[in-house]
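# Remarks on the overall topology
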There are 2 protein chains.
Amino acid sequence: MDLLSVHLDKTIDTPLYEQLYEFIKQEIVQERLPYGQKLPSKRKLANHLEVSQNTVETAFEQLVAEGYIASQPRKGFYVLAHGDLEFVEHPRKKEISRPEEASSVLFDFSPSKIDTEAFPFPLWRRLNRQVIDESNHDLLLLGDAQGDRELRQAIAHYVYHARGIDCDPDTIVVGAGIEVLMQQLLSLLPSSTIFGIEDPGYQLMVKLIRHFGFSGHPLDMNEEGISIEAVRHLSPDYIYVTPSNHFPYGTVTSINRRNQLLQWANETENRYIIEDDYDSEFRYVGKTIPPLKKMDFNDRVIYLGSFSKSLIPSLRISYMILPKKLLAQYRERLTFHHSTVSRIDQHVLARFIQEGHFEKHLNRMRKIYRKKFEFVYQLFEAYKPSIQLLGEQSGLHVVCEVRNGGTEEEILQRAKQQRIKLYPISYYASKNAVVTHPQFVIGFAGIEEKKLEEAVQYIIHICQK
Amino acid sequence: MDLLSVHLDKTIDTPLYEQLYEFIKQEIVQERLPYGQKLPSKRKLANHLEVSQNTVETAFEQLVAEGYIASQPRKGFYVLAHGDLEFVEHPRKKEISRPEEASSVLFDFSPSKIDTEAFPFPLWRRLNRQVIDESNHDLLLLGDAQGDRELRQAIAHYVYHARGIDCDPDTIVVGAGIEVLMQQLLSLLPSSTIFGIEDPGYQLMVKLIRHFGFSGHPLDMNEEGISIEAVRHLSPDYIYVTPSNHFPYGTVTSINRRNQLLQWANETENRYIIEDDYDSEFRYVGKTIPPLKKMDFNDRVIYLGSFSKSLIPSLRISYMILPKKLLAQYRERLTFHHSTVSRIDQHVLARFIQEGHFEKHLNRMRKIYRKKFEFVYQLFEAYKPSIQLLGEQSGLHVVCEVRNGGTEEEILQRAKQQRIKLYPISYYASKNAVVTHPQFVIGFAGIEEKKLEEAVQYIIHICQK
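Residues numbered from 1 in each chain as written. Chains lettered and ligands numbered in written order. Predicted model: local features only at pLDDT ≥ 70, side-chain atom pairs only at ≥ 80, totals over all residues. Heavy atoms only, no water.

### Things to note about the overall build of chain A
Applicable threshold: Each helix is a run of H or I in the DSSP string that is no shorter than four residues. Each strand is a run of E no shorter than two, and both are numbered from the N terminus. In this treatment the radius of gyration is a C-alpha quantity, and the globule benchmark scales as 2.2 Å times the residue count to the 0.38 power. Under the scheme applied here, a residue whose accessible area is under 20% of the maximum for its type counts as buried, over 50% as exposed, and between as partly exposed, the area being computed with a 1.4 Å probe on protein chains only. The method behind every accessible area is Shrake-Rupley, applied with a 1.4 Å probe, and residues are considered shielded solely by the protein chains displayed. Counting rule applied: Lys, Arg positive; Asp, Glu negative; His and chain ends not counted. Positions of charges follow a simple convention, taking NZ of Lys, CZ of Arg, CG of Asp or CD of Glu.
Helix and strand content of chain A: 14 helices and 16 strands. Whereas a compact globule of 465 residues would reach a radius of gyration of roughly 23 Å, chain A reaches 31 Å, over 25% beyond that. Along the three orthogonal principal directions, the C-alpha set of chain A runs to about 95 × 55 × 45 Å. Here chain A holds 465 residues, and the buried ones make up 57% of them. Counting only carbon and sulfur atoms, one obtains 48% of the accessible surface of chain A, whose full area is about 19,500 Å². When the 56 basic and 61 acidic side-chain charges of chain A are each reduced to a single mean position, those positions are 2 Å apart.

Shown next as structure tokens:
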């Protein structure tokens, strides 16, 4: 038989057993060794090939393991594989690369950008160095599915002191972004659950809720916050709100409206308010606005917090504070779940908060953003009322309204020609909520201070007729 | 009116405006200032309180922002809040701590544990130091939703050289664990999709599939892998398999069975095979077993890979290689999705792979695990056949079968008394698949080498009648 014709090359790097394995495999794949064929004994083949019996044995073991051949006790080895084995090596395909878009944009006013210049790299490096240490080898293993206790305690401490929320660390769930946490929450709810969402609002949340098969309805906003009439008319099970700083307009939900929303939630069982407190840290006049969760004495508010705006978007650490009833469901039903955040990152962040660096960082960033905010305001001042900024003195973006008769389409067209990325309000609103004058969300946080004037002049130029 | 009775204390740390704000807020909350009540003018109040008008203005602004009061042009400020404001500060609740269980366990034979002693901490620290650098400040912003290109290229390079899979980096999706990736995949499928899953098998996958409302059915295993008769009988849309090293038995799916599975998938549209290649790196005889994906010329295999076993479970980095048709759906429909892995971690891992450290680490770990594996085998040798190890020479666990008439319950009872955490096969199997003799999955990787003998002696002692 052909098998004895194999030539093993002792001068090349490939081990002899592997050459033999590869040869026999090819003989089987190409059906020169048919199904059922008996192979020569290991001893005979080793003698013939002038290799050790060990070499043949290793090759046979691999072929057995992969199912090409099988051994029958006291009989020897037989070919086991048959059928059309399409096991042919193809030359490596060329990589298809996607077109890179980012480089062609001059200024991107995305509201999700932050100032990256002021991040405390040396400190973050030092904390990483401290955590990535032989003495912490237990951190390499899986931790608590809700997030490590150290981080949850640090978060509980932070939300108590910064936001007045008094929560048990055990009610906190840490996750790799608000989307991950929302998906976990959604997976606990019956598919008939109805959601009401601020309109204009965070469209990603609308998409996410609808993607998972739930009905998500826009709810009108007015100067006091989400319309309570709209809430009562829709009668949803859950509402999603941003009461401290409405996205994107910056409206603060009034104390009356907060009260009305909590009363609405308390009226029947299984009504909940999802409070997304996405950038409450940045307010440039007075104190920060207290969250709805602080007034939630009936445990009806699901509080969402994130380090995306306050620290780094790419760190992917967010958290939710679950009412006890939902927490029980979470623990009972999400038993397959592991934490979605690296434990090393969790402990670095926990130390960053515990050692007081987070507070200092927030104070520093608040000054930087306030300066940028005031500068932007000042630059727009001369163009009132034909170009007007709206909203509160807070957050990492402003909304600019163009009242000179220009249309959104014209302005976006000019922006594109100038390679400026603008975000019209229509991205964030249903058709009903779109206003007469074109409006744009202008994320200023991510533009370098020294380029801010140039960047804003582009917008002003583009918005003028 | 009462408002003029406020006493501001200039000797304490709290700013004057905040004292005034707090006073007025309490007056409103306790309904001493009723709805509609006009407030004194800023000038009048400032004069009366002997503070600057600025102080009063700041306090009023905060009250306006939070909706307690409103201004009417040329008229002044009015109380806006009414209703039962339950806004009372409560004393901070005591934290409820959960009982800690881990410390009471002497040896935990969980198959998800790894050897943490040999992790290259200094190298990992160095790579973190290099990536967490001012010059990389762009890494702080959000990156590609599928994972950064650098990491996807490194993974493509790795799976090509280590597993023979030739894939475009653009078909790779990086995520914070197999569960996250599976949830994304499941969210693209119609709810009528039927899954077949190896039995015994990875029960977490069964729970996850069922939690999301899909029907997941156990499929029998035999010595060639998942039963093709069972697949054809159930006729699922997707099957979940671990062909290179079946979990938990270690069976390698034969080349025939691989061919049959691929043929089955190719027969009609929308049939896919999910291949979980969870610990293919660790095989102690011969070469590693090639993955099913390598033979997948019709793009019907979804390949799942993870760095949990090969590097660190707590890093939470996994990946899937999507067939082009599913990739198109992923990109079209998961538009709300951001990456679930920190970009700093992504770049650290990319460098770890690119610079050849991952390969070296795998070689090193393979030696360590082989040594542990062989030692465990040797320790059990004397107790054959009443205690017998099953399976291939691979992976981070073995399966031990107890043939002395003892029941699973008795053995678990004794293990508990001795504070030994054992994982019976019944955790990983449906009722149908449970065998006559009790079997236990013994994860040996996480037990320190110097304690391995003691740990195994505990098992042997516990398993003996």
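### Re the packing of helix 5 (residues 149-163) of chain B against helix 11 (residues 343-354) of chain B
All names here are of chain B. To keep it simple, the criterion reads: Axes, fitted as lines to C-alpha atoms, cover a helix only where it is in contact. Angles between the N-to-C directions of the axes lie from 0 to 180 degrees. We call a crossing left-handed when the near helix sits turned anticlockwise from the far one by less than a right angle, and right-handed when that turn is clockwise. Whether two residues are in contact is decided by their heavy atoms, any of which lying within 4.5 Å being enough. Classification convention: Asp, Glu, Lys, Arg as charged; Ala, Val, Leu, Ile, Met, Phe, Trp, Tyr, Cys, Pro as nonpolar; all other residues, Gly among them, as polar.
For the pair helix 5 and helix 11, the least separation of the axes is 8 Å and the interaxial angle reads 35°. Both helix 5 and helix 11 take part in a crossing whose hand is left-handed. Between helix 5 and helix 11, the residues in contact are E150, L151, A154, I155 and Y158 and Q346, H347, L349, A350, I353 and Q354, respectively. For the contact of helix 5 with helix 11, the per-class residue count stands at 7 nonpolar, 3 polar and 1 charged.

### Concerning the packing of aromatic side chains
Residues and elements named next belong to chain A. Worth spelling out the cut-off: The aromatic pairing rule takes the rings of Phe, Tyr and Trp, using the six-membered ring of Trp, and pairs them if the centres are within 6.5 Å, calling planes under 30 degrees apart stacked, those over 60 edge-to-face and the rest tilted. Whether a charge lies above a ring is judged from NZ of Lys or CZ of Arg, which has to be within 6 Å of the ring centre and within 35 degrees of the ring normal.
For the structure shown, the criterion picks out 46 aromatic pairs over all chains. On the basis of an interplanar angle of 80° and a centroid distance of 5.1 Å, the ring pair of F119 and F121 is categorised as edge-to-face. For F119, a relative accessible area of 5% gives the class buried. Judged by centre distance (5.6 Å) and plane angle (50°), the ring pair of F307 and Y319 falls under tilted. Residue F307 is found in the loop between strand 10 (301-306) and strand 11 (318-321), and its partner Y319 is found in strand 11; the two are separated by 12 residues along the sequence. Take F307 and Y319: they sit in the same class, and that class is buried. Members of the aromatic cluster, each reached through a chain of ring pairs, are F119, F121, W124, Y158, Y303, F307, Y319, F352 and F358. Here the guanidinium or amino end of R300 rests over the ring plane of Y272, the centre of that ring lying 5.8 Å away.

### Quick word on the sheet that holds strand 15 (residues 423-424) of chain A
All names here are of chain A. Heads up, the rule is: DSSP calls a pair of strands paired once it identifies at least 2 bridges connecting them.
Across the sheet, 4 strands lie side by side as 12-13-16-15; this open sheet has antiparallel pairing. Each edge of the open sheet carries a strand with a single partner, namely strand 12 (387-390) and strand 15. Note that strand 12 and strand 13 (residues 397-402) share 4 bridges and pair antiparallel. Within strand 13, the residue paired with Q388 across the bridge is E401. On the sheet, helix 13 (residues 408-417) packs against strand 13, strand 15 and strand 16 (439-443) and is oriented at approximately 35° with respect to strand 16.

### Digging into the relation of the copies chain B and chain A
To keep it simple, the criterion reads: Residues below a pLDDT of 70 in either copy are left out; the C-alpha atoms of the rest, at least 70 in both, set the least-squares superposition of the copies.
By a simple turn and slide, chain B fits onto chain A: the slide is 0.0 Å along the axis, the RMSD is 0.1 Å, and the turn is 180°. On the angle and the small slide along the axis, the relation comes out as a two-fold axis. Mapped onto chain A, 99% of the interface residues of chain B are again interface residues, and the two copies thus contact each other with one and the same surface.

### Description of the interface of chain B and chain A
Size of an interface, as often reported, equals the accessible area lost when the parts are brought together. Applied cut-off: When two parts are brought into contact, each loses some accessible area as probed by a 1.4 Å sphere; the total of that loss over both is the buried area. Here a salt bridge means any side-chain nitrogen of Lys or Arg lying within 4 Å of a carboxyl oxygen belonging to Asp or Glu.
Contact residues are listed per partner, giving 110 residues for chain B and 111 residues for chain A. Buried area between chain B and chain A, both sides added, is near 9,600 Å², and the carbon and sulfur share of it is 56%. In this assembly, chain B and chain A are joined by 4 salt bridges. Between D133 of chain B and R125 of chain A there is a salt bridge, with the nearest N and O atoms lying 3.9 Å from each other. In terms of residue count, the dominant contributor to the side of chain B that touches chain A is helix 4 (residues 121-131) of chain B (6 residues). Tallied by class, residues from the side of chain B that touches chain A come to 45 nonpolar, 30 polar and 35 charged.

### Focus on the nonpolar core
To keep things clear, this is the line we draw: Residues belong to one nonpolar core when they are buried, are Ala, Val, Leu, Ile, Met, Phe, Trp, Tyr or Cys, and are joined through side-chain atoms within 4.5 Å.
Counting residues in hydrophobic clusters, the biggest one holds 147 residues, and the most contacted among them are W124 and L311 of chain A together with W124, L311 and L422 of chain B. At 9 residues, the largest contribution of residues to this core is made by helix 12 (residues 357-381) of chain B. Filtering out sequence-adjacent residues up to four positions away, L311 of chain B remains in contact with I114, F119, W124, L349, F352, F358 and H361 of chain B. Formed by 58 residues, the second largest nonpolar core is a distinct cluster that contains V206 of chain A together with L186, L189 and V206 of chain B.

### What to know about helix 1 (residues 16-29) of chain B
Residue and element names in this part refer to chain B. To be explicit about the condition: Here the expected span of a helix is defined as 1.5 Å times the quantity of residues minus one.
Over its 14 residues, helix 1 extends 20 Å from the first C-alpha to the last, a length consistent with the 20 Å expected when each residue adds 1.5 Å. When helix 1 is considered as a whole, its buried residues turn out to be Y17, Q19, L20, Y21, I24, K25, E27, I28 and V29. The elements touched by buried residues of helix 1 are helix 2 (42-49), helix 3 (53-65), strand 1 (69-72) and strand 2 (76-79). Residue E31 follows helix 1 closely and has a positive phi angle near 55°.

### Some remarks on the pairing of strand 10 of chain A
All names here are of chain A. With 6 of 6 residues buried, strand 10 lies mostly within the body of the structure. The alternating pattern of strand 10 places V301, Y303 and G305 and I302, L304 and S306 on opposite faces, both of which are buried. The sheet contact formed by strand 9 (residues 272-276) and strand 10 spans 4 bridges and is parallel. Across the sheet, residue I273 finds its bridge partner in strand 10, namely V301. By the bridge criterion, 4 bridges tie strand 10 to strand 11 in an arrangement that is antiparallel. Along strand 11, the bridge assignment pairs G305 with Y319.

### A few points about the side chain of Q439 of chain B
All names here are of chain B. Within the element layout of this structure, Q439 appears in strand 16 (residues 439-443). Take Q439: its relative accessible area is 2%, and that puts it in the buried class. Leaving out residues up to four positions away in the same chain, Q439 has contacts with Y249, L390, V399, C400, E401, P424 and I425.

### So, the sheet that holds strand 13 (residues 397-402) of chain B
Residues and elements named next belong to chain B. Spatial strand order, 12-13-16-15: 4 strands in an open sheet with antiparallel pairing. Two strands bound the open sheet, and with one partner strand each, they are strand 12 (387-390) and strand 15 (423-424). Each of strand 13, strand 15 and strand 16 touches helix 13 (residues 408-417); the most contacted strand, strand 16, lies at about 35° to it.

### What to know about the environment of T268 of chain B
Counting through the fold element by element, T268 of chain B comes out in the loop between helix 9 (255-267) and strand 9 (272-276). Exposure remark for T268 of chain B: the relative accessible area of 39% places this residue in the partly exposed category.

### With respect to helix 11 of chain B
Structural remark: α-helix, 3.6 residues per turn; residues separated by three or four positions point the same way. Where we set the bar: Counting of polar contacts relies on pairs of N or O atoms within 3.5 Å, with two restrictions inside protein: one atom must be capable of donating a hydrogen and the other of accepting it, and residues adjacent in sequence are counted only when both atoms are side-chain atoms.
Relative to the 16 Å expected for 12 residues at 1.5 Å per residue, helix 11 of chain B spans 16 Å between its end C-alpha atoms, a close match to the ideal helical length. Among the 12 residues that make up helix 11 of chain B, 10 are buried, leaving the element largely enclosed by the rest of the structure. Looking at helix 11 of chain B, one finds that the buried residues are R343, I344, D345, Q346, H347, V348, L349, A350, F352 and I353 of chain B. Those residues of helix 11 of chain B hidden inside the fold are in contact with helix 4 (121-131) and helix 11 (343-354) of chain A together with helix 4, helix 5 and helix 12 of chain B. Where helix 11 of chain B begins, one side-chain oxygen reaches toward the backbone nitrogen of I344 of chain B, 3.2 Å away; that side chain belongs to S342 of chain B. Downstream of helix 11 of chain B by one or two residues, G356 of chain B has phi in the positive range, about 85°.

### Digging into the packing of helix 4 of chain B against helix 11 of chain B
Residues and elements named next belong to chain B. This is how it is decided: Roughly parallel here means an angle under 35 degrees, roughly antiparallel means over 145, roughly perpendicular means 65 to 115, and every remaining angle is called oblique.
Where helix 4 meets helix 11, the closest approach of the two axes is 9 Å, and the angle between their N-to-C directions is 120°. It follows from the interaxial angle that helix 4 and helix 11 lie oblique. Crossing geometry of helix 4 relative to helix 11 is assigned as right-handed. Residues L123, W124, L127, N128, Q130 and V131 of helix 4 touch helix 11, and the partners they reach there are I344, H347, V348, L349, R351 and F352.

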